[in-house]
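Coordinate analysis (summary)
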Amino acid sequence: MTVAAAAVVAVLLTIAGCSREAGPMPEQQPQDPGPGALTVKLNALSADECFRSPESVPAPDCEKYVTQVASVPETARRFVDAAGGELNRAADELASGIAAYRDNGCAQGGGRPCSTALTDIATALEAVRREVSALPDVTTQPS
């Protein structure tokens, strides 16, 4: 066997070996954790200063909080069939408050519209929390 042929064989063996080691096999998608996990998140968000005193916290200081809250409306809507229309209304109000915070540029400044948006977010978040905690599948007790 020539040196060139040996080199080609070595390259082919290397490539063949790599194809089996290209990375981990895709895992199965995790199951939806259900409303109990959402309750844990809602309880954590309700401990935030922006939730407890939305009128006294400077609006830009609540940007991270609003970002964390932003996934709640869509997540809550997954449980509307079990909870009913009140959860859907609360999720809509929460989404509206988040949109108002963002549309008014509250992450860059403040003012009355931002204080109102934060108060609306807190009120709607509490309504979502109340509705989700009443679901029969919730295994975590709200704080």
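This one's a predicted model, so the numbers in the text were calculated from it and none came from an experiment.

1. As for the state of the cysteines
Enumeration according to the criterion identifies two disulfides in this entry. The disulfide bridge from cysteine 106 ends at cysteine 114, spanning 2.1 Å between sulfur atoms. On the sign convention where negative is left-handed, the bridge of cysteine 106 and cysteine 114, at about -95° about the S-S bond, is left-handed. Ordering the disulfide-forming cysteines of the chain by sequence position, one finds them joined as 1-2, 3-4.

2. Here we look at the pattern of salt bridges
Evaluated as defined, the whole model comprises five salt bridges. Across the pair arginine 129 and glutamate 126 runs a salt bridge whose closest N-O atoms are separated by 3.6 Å. Residue arginine 129 and its partner glutamate 126 are located together in helix H8 (residues 112-133), separated by three residues, close to a single helical turn. Taking relative accessible area as the criterion, arginine 129 reaches 12% and is therefore assigned buried. Given a relative accessible area of 30%, glutamate 126 falls into the partly exposed group. What emerges from the salt-bridge pattern is a single network uniting Glu74, Arg77 and Asp92.

3. Comments concerning the nonpolar core
Membership of the largest hydrophobic core comes to 33 residues, with the highest contact counts inside it found for Tyr65, Leu94, Tyr101, Ile121, Leu125 and Val128. Listed by contribution, the elements that provide at least two residues to this core are helix H2 (35-45), helix H3 (49-52), helix H4 (63-69), helix H5 (72-77), helix H7 (85-103) and H8. With 10 residues, the single largest contributor to this core is H8. Non-local contacts of valine 128, meaning those with residues more than four positions away in its chain, are made with Leu42, Val72, Ala76, Leu87, Ala90, Ala91 and Leu94.

4. So, H7
Here H7 is 19 residues long and its end C-alpha atoms lie 26 Å apart, about the 27 Å a rise of 1.5 Å per residue gives. When we look at burial in H7, the residues that qualify are Leu87, Ala90, Ala91, Leu94, Gly97, Ile98 and Tyr101. The arc enclosing the buried residues of H7, seen along the axis, measures out at 120°, which places them on a common side. At the exit of H7 stands glycine 105, carrying a positive phi of roughly 65°.

5. Here's the deal with the packing of H7 against H8
Two numbers describe how H7 lies on H8: the axes approach to 8 Å, and their chain directions differ by 155°. Taken together, the axes of H7 and H8 lie roughly antiparallel to each other. The interaxial crossing formed by H7 with H8 has left-handed handedness. Along the contact surface, H7 presents Glu86, Leu87, Ala90, Ala91, Glu93, Leu94, Gly97, Ile98, Ala100 and Tyr101, while H8 presents Ala117, Leu118, Ile121, Ala124, Leu125, Ala127, Val128, Glu131 and Val132. Taken together, the residues of the contact of H7 with H8 sort by class into 15 nonpolar, one polar and three charged.

Criteria and cut-off values
Residues numbered from 1 in each chain as written. Predicted model: local features only at pLDDT ≥ 70, side-chain atom pairs only at ≥ 80, totals over all residues. Heavy atoms only, no water. Disulfide = S-S within 2.5 Å. Salt bridge = Lys/Arg side-chain N within 4 Å of Asp/Glu carboxyl O. Helix = DSSP H or I, 4+ residues; strand = E, 2+ residues; numbered from the N terminus. Buried < 20%, exposed > 50% of the residue type's maximum accessible area, 1.4 Å probe, protein only. Core = buried A, V, L, I, M, F, W, Y, C linked by side-chain atoms within 4.5 Å. Contact = heavy atoms within 4.5 Å. Expected span 1.5 Å × (residues − 1). Arc of directions from axis to C-beta. Axes fitted to C-alpha atoms, helices over the stretch in contact; angles between N-to-C directions. Parallel < 35°, antiparallel > 145°, perpendicular 65-115°, else oblique. Left-handed = near helix turned anticlockwise from the far one by under 90°. Nonpolar A, V, L, I, M, F, W, Y, C, P; charged D, E, K, R; others polar.

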